[in-house]
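A closer look at the structure
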Amino acid sequence: MRNLHNALLLKQLYQLKQLGYRYTDLSISNYSKSNLQLPSNMTELKSEAMECHLCQLSKSRNLVVFGEGDESADILFIGEAPNSAENDSGKPFIGRSGELLTNMIEKVLLIKRADVYISNIVKCHTPDSRTPKPTEAHTCLPFLLKQIESIDPKIIVTLGATAYHYLTGDDSDISKVRGTVQKLDNYSIVPTLHPSYLLRNPSAKRDVFSDMKLIKSLML
Ligand code: URA
């Protein structure tokens, strides 16, 4: 993925910042690719994520929620961050919003949840389920970009503004981009609303239903 190298570089700069560096004479060209690599193999990538202590979320997490599903799925769903139940189980989207997501997948897209892949922008639970901070999201993003590279899905569905924003770097309001197809490298990104938002605003289910129909049309 084109922006993986930049994401890895940004991760290293955030790490230096967390270590107290304010300025660096580091030039981008000084970073050899080998310094910036993560394993391409999903099992090794997962092991590396499981042992990650690169941001403060690692201090309060119980389990790293790496992601689950078919590792060669055509559709990848990306949420924001695991909630507290998921922090204890190690699985993404198992709570009420997970139930809604499963229904969207199985009852509208008519595919089994096990046949898609589900992951998050950050792999660790955030205290009080707050939105991940930019440092946390940028530090974790290379894991997700490597997952994308490895799964190589046809369609990436971003759930909510945080997932869309950090994956694409686009700050547009989610209400303006949802229901469209955005191209990122060779991937088709379909931004839609987050299931937790739907639980609070059931009338928005209509919009997500239409986004699911769009996804279905892309699957043909
Ligand atoms: N559970 C997840 O795994 N991600 C979310 O964004 C919300 C709940």
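Residues numbered from 1 in each chain as written. Predicted model: local features only at pLDDT ≥ 70, side-chain atom pairs only at ≥ 80, totals over all residues. Heavy atoms only, no water.

Observations regarding the pairing of strand β2 (residues 75–79)
Basically, it comes down to this: Burial classes: relative accessible area under 20% of the type maximum marks a residue as buried, over 50% as exposed, and values in between as partly exposed (1.4 Å probe, protein chains only). Only runs of H or I of at least four residues qualify as helices and only runs of E of at least two qualify as strands under DSSP, and these elements are numbered from the N terminus. Two strands form a pair only when DSSP identifies at least two bridges running between them.
The buried fraction of β2 amounts to 5 of the 5 residues, a majority that puts the element mostly inside the structure. Because side chains alternate across β2, one face comprises the buried residues Ile75, Phe77 and Gly79, and the other comprises Leu76 and Ile78, equally buried. For β2 and strand β4 (residues 155–159), the ladder comprises 4 bridges, and the chain directions are parallel. The partner of phenylalanine 77 across the bridge, within β4, is valine 157. As paired elements, β2 and strand β3 (residues 117–120) share 4 bridges and run parallel to each other. In the sheet register, phenylalanine 77 faces β3, and the bridge partner there is isoleucine 118.

Some thoughts on helix α10 (residues 205–219)
The cut-off we apply is this: Any helix carries an expected span of 1.5 Å times its number of residues minus one. Here the arc refers to the directions that run from the helix axis out to each C-beta atom. Between two residues, a contact is recorded if the distance between any of their heavy atoms is within 4.5 Å.
Here α10 contains 15 residues, and its C-alpha end-to-end distance of 21 Å stays within 8% of the 21 Å for a straight helix at 1.5 Å per residue. Those residues of α10 not exposed but buried are Val208, Asp211, Met212 and Ile215. The arc enclosing the buried residues of α10, seen along the axis, measures out at 105°, which places them on a common side. Turned more than 90 degrees off the buried face of α10, the exposed positions are Arg206 and Lys213. On its buried face, α10 sits against β2, α5 (96–108), β4, β6 (187–192) and α9 (195–200).

Quick notes on the domain arrangement of the protein
Size of an interface: often given as the accessible area lost when the parts come together. Heads up, the rule is: An automatic or database domain assignment supplies the residue ranges for each domain. Buried area is understood as the total, over both parts, of accessible area removed when two parts are fitted together, assessed with a 1.4 Å probe. The salt bridge definition used is simple: a Lys or Arg side-chain nitrogen within 4 Å of an Asp or Glu carboxyl oxygen. Distance and chemistry together define a polar contact, namely a pair of N or O atoms within 3.5 Å, with one atom able to donate a hydrogen and the other to accept it when in protein, and with adjacent residues in sequence counting only for side-chain atoms on both sides.
Domain boundaries in the protein define domain 1 (1–37) and domain 2 (41–218). Roughly 1400 Å² of surface becomes buried between domain 1 and domain 2 when both sides are summed, with 65% attributable to carbon and sulfur atoms. Remark: the boundary between domain 1 and domain 2 carries 0 salt bridges. Across the contact surface, domain 1 and domain 2 share 0 residue pairs in polar contact (both at pLDDT 80 or more).

Things to note about the side chain of serine 119
Inspection of the secondary structure assignment puts serine 119 in strand β3. Assessed through its relative accessible area of 0%, serine 119 is described here as buried. From its side chain, serine 119 meets the backbone oxygen of phenylalanine 66 in a polar contact 2.9 Å long. Engagement of the side chain of serine 119 in a polar contact is seen with the side chain of lysine 123, the distance being 3.0 Å.

Let's talk about the pattern of salt bridges
On inspection of all chains with the given rule, the structure shows 7 salt bridges. We note a salt bridge from lysine 146 to glutamate 149, for which the minimum N-O separation is 3.1 Å. Of this pair, lysine 146 and glutamate 149 are both found in helix α6 (residues 134–151), 3 residues apart, which corresponds to roughly one turn of the helix. Ionic pairing is found between aspartate 211 and arginine 178, a salt bridge with its closest N-O pair at 2.7 Å. On the criterion of sequence distance, the pair formed by aspartate 211 in helix α10 and arginine 178 in the loop between α8 (174–177) and β5 (182–184) is long-range, its members being 33 residues apart. A relative accessible area of 18% places arginine 178 in the buried class. Through salt bridges with shared partners, a single network forms among Glu68, Lys91 and Arg113.

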